[in-house]
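Chain residues, written in single-letter form:
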Amino acid sequence: MKSKYILGIETSCDETSIAIVKNGTEPVCEFTASQVKLMAKYGGVVPELSARKHLEALPILLKECKAQNPNEYKKVELIAVSHDPGLPPALAAGMAFAKGLGFGRNLPVIFVDHLHGHLISSLVEDPPIDNPPQNYQKRIEFPNICLLVSGGHTGLYLVNSPSDYKLLGQTKDDAAGEAFDKVARMLGLGYPGGPIIQKWAEKAKNIGENPFSIPIQDKPYSFSFSGLKTAVRRYIVGLSAKSIEKLPKDIEIEKLGTALPEKAKAEISYWFQETVVESLVRKTIEAAKKNNIGLVTLTGGVAANKRLREKLAKETIKINVKVKYPQFKRCTDNATMVAAAGYFT
Ligand code: KG4
Ligand code: ZN
């Protein structure tokens, strides 16, 4: 849909976002309100509450967008909104708002695949990232292999063009981000788990051997993180059994995890992160090699993980493949990628 100015709307999970993008890849403005702090109180996203908060935030963000970019706002020819996948009540809030706005301004509204947005988020022009690795590629090329790792999805894609992509394989159970969130909860560290586990992993010193094994899958590009989550749970119980004389029968894992010494929390965070990263990177390297692709891109909330970026860069260099990541803010959910997907839909 080659409209010059597209307004994107994103409400699939806990970020409310409105953005204008020019010619598919030139970001004009973006206004995002996060529900992360609110949802942290509940240890995760509450879908109905999230929908209500989106409906409160959307008119405020739109007003801001209009006030700060009156000329571009007037030029908008199309509204693109995420319609799937995501939390149904949250998505419905965004779609209802988009339809109302489209009706009011007499503009067409298209529904875009939220994952399509993530897959092309590296295409949006942005200032360069900090500390790029030696094999960092500035401009995206096609075909590429995209590792999409978020709180709801973990999959490997062959992206042939901005509008043509194929799923090679995905997680059989939990998404990587979901596993980060659950492990952080078990350790009583808070929400969202990814950035918190990353911080705790950095605190680990004099670590011993990895107590967790890399999940092995029968299919070449499949992932699985639920077994790893269970292994972490068992490990927490095992450590607690050493210090608590009599473990109660119905143990609450969060209570045990919270009570662990800081050193143990840091070590578990470190090895859990290493195991997830190793599993993600191994499959991505296999996908690039087998499909003879020279560029790997990374996207989704977990793509903000420093260790993942570092390890992926290290392993791709070995096989002479380049890497490309979006800015941190474009890894998590945002309306700029939705407007871009609208352009290429
Ligand atoms: O893409 P996103 O904003 O929302 C979904 O579409 O799911 O991803 C959110 C997920 C959460 O699970 C969060 O814990 C994870 O991304 N995440 C991270 C990091 N930052 C966010 N995971 C690992 N390391 C990080 N630095
Ligand atoms: Zn997402």
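The structure contained in this document is the topic of the report that follows. (Residues numbered from 1 in each chain as written. Chains lettered and ligands numbered in written order. Predicted model: local features only at pLDDT ≥ 70, side-chain atom pairs only at ≥ 80, totals over all residues. Heavy atoms only, no water.)

1. Quick word on the coordination of the zinc ion (ligand 2)
Consideration 1: Taken together, the protein donors to the zinc ion (ligand 2) comprise His114 (NE2), His118 (NE2) and Asp333 (OD), at separations of 2.1 to 2.2 Å.
Consideration 2: One way to put it: the 4 donor atoms around the zinc ion (ligand 2) meet at angles of 90 to 143°, and that makes the site irregular.
Consideration 3: Mapping the donors of the zinc ion (ligand 2) onto the primary sequence yields the spacing H-x3-H-x214-D. Remark: aspartate 333 occurs in the loop between helix 12 (328-331) and helix 13 (335-343) and histidine 118 occurs in helix 5 (residues 114-119); sequence separation between them is 215 residues.
Consideration 4: On the basis of relative accessibility, which here comes to 1%, the residue histidine 118 falls in the buried class.
Consideration 5: Classification of aspartate 333 by relative accessible area gives buried; the value is 15%. (Donors = N, O, S within 2.8 Å, 3.2 Å for Na, K, Ca; no water. Tetrahedral: all angles 85-135°; square planar, octahedral: opposite > 155°, others 65-115°. Helix = DSSP H or I, 4+ residues; strand = E, 2+ residues; numbered from the N terminus. Buried < 20%, exposed > 50% of the residue type's maximum accessible area, 1.4 Å probe, protein only.)

2. Topic: the site of ligand 1
Consideration 1: Not every one of the 21 residues close to ligand 1 is listed here, only the nearest: Gly151, Asp181, Gly194, Gly301 and Asn305.
Consideration 2: Here aspartate 181 contributes a side-chain N or O atom positioned 2.7 Å from an oxygen atom of ligand 1.
Consideration 3: Taking 550 Å² as the accessible area of ligand 1 by itself, protein coverage stands at 89%.
Consideration 4: Only helix 5, helix 6 (176-186) and helix 7 (193-203) provide two or more residues apiece to the shell around ligand 1.
Consideration 5: Looking at which element gives the most residues to the shell around ligand 1, the answer is helix 7, with 4 residues. (Near = heavy atom within 4 Å. Polar contact = N/O pair within 3.5 Å; in protein donor to acceptor, adjacent residues only side chain to side chain. Areas by Shrake-Rupley, 256 points an atom, 1.4 Å probe, with all protein chains shown as cover.)

3. Details of the pairing of strand 6 (residues 144-149)
Consideration 1: Here strand 6 lies mainly inside the structure; 6 of its 6 residues are buried.
Consideration 2: Side-chain alternation along strand 6 places Asn144, Cys146 and Leu148 on one buried face and Ile145, Leu147 and Val149 on a second face that is also buried.
Consideration 3: Counting the residues that bridge the hairpin from strand 6 to strand 7 (residues 154-161) gives 4 residues.
Consideration 4: With 4 bridges joining them, strand 6 and strand 9 (residues 295-299) adopt parallel strand pairing. Looking at strand 9, one finds that cysteine 146 is bridged to threonine 297. (Pairing = 2+ DSSP bridges.)

4. Regarding the pattern of salt bridges
Consideration 1: On inspection of all chains with the given rule, the structure shows 14 salt bridges.
Consideration 2: Where lysine 182 meets aspartate 174, a salt bridge forms, and the shortest distance between an N and an O atom there is 3.6 Å.
Consideration 3: Exposure remark for lysine 182: the relative accessible area of 29% places this residue in the partly exposed category.
Consideration 4: A residue is classified by how much of its surface remains accessible, and aspartate 174, at 8% relative accessible area, is buried.
Consideration 5: A salt bridge links arginine 307 to glutamate 310; its shortest N-O distance comes to 2.6 Å. Highlighted residues: arginine 307 and glutamate 310, both in helix 11 (residues 306-318), separated by 3 residues, approximately one helical turn.
Consideration 6: Classification of arginine 307 by relative accessible area gives partly exposed; the value is 21%.
Consideration 7: The class for glutamate 310 is partly exposed, based on a relative accessible area of 46%.
Consideration 8: One network of salt bridges, in which partners are shared, links Asp174, Glu178, Lys182 and Lys229. (Salt bridge = Lys/Arg side-chain N within 4 Å of Asp/Glu carboxyl O.)

5. Some details on the sheet that holds strand 6
Consideration 1: Taken together, 5 strands build an open sheet; the order of strands is 8-7-6-9-10 and the sheet is mixed. Two strands close off the open sheet at either side, each with one partner strand: strand 8 (164-170) and strand 10 (322-324). Pairwise comparison of adjacent strand axes, ignoring direction, gives a mean angle of 25° for this sheet.
Consideration 2: Two elements, strand 9 and strand 10, share 3 bridges in a ladder whose sense is parallel. Directly across from valine 296, in strand 10, lies its bridge partner valine 323.
Consideration 3: Across the sheet, helix 10 (residues 262-290) is in contact with strand 6, strand 7, strand 8 and strand 9; its angle to strand 6 comes to roughly 160°. (Axes fitted to C-alpha atoms, helices over the stretch in contact; angles between N-to-C directions. Contact = heavy atoms within 4.5 Å.)

6. Things to note about the environment of phenylalanine 344
Consideration 1: Inspection of the secondary structure puts phenylalanine 344 in the segment after helix 13.
Consideration 2: Under the relative-accessibility criterion, phenylalanine 344 is labelled buried at 14%.
Consideration 3: When the C-alpha atoms of phenylalanine 344 and glycine 151 are compared, they prove to be 24 Å apart, with 193 residues separating the residues in sequence.
Consideration 4: Not counting chain neighbours up to four residues away, the residues in contact with phenylalanine 344 comprise Lys2, Gly24, Thr25, His116, Ile120, Leu123, Pro162 and Ser163.

Honestly, it's all geometry; don't read function into it.
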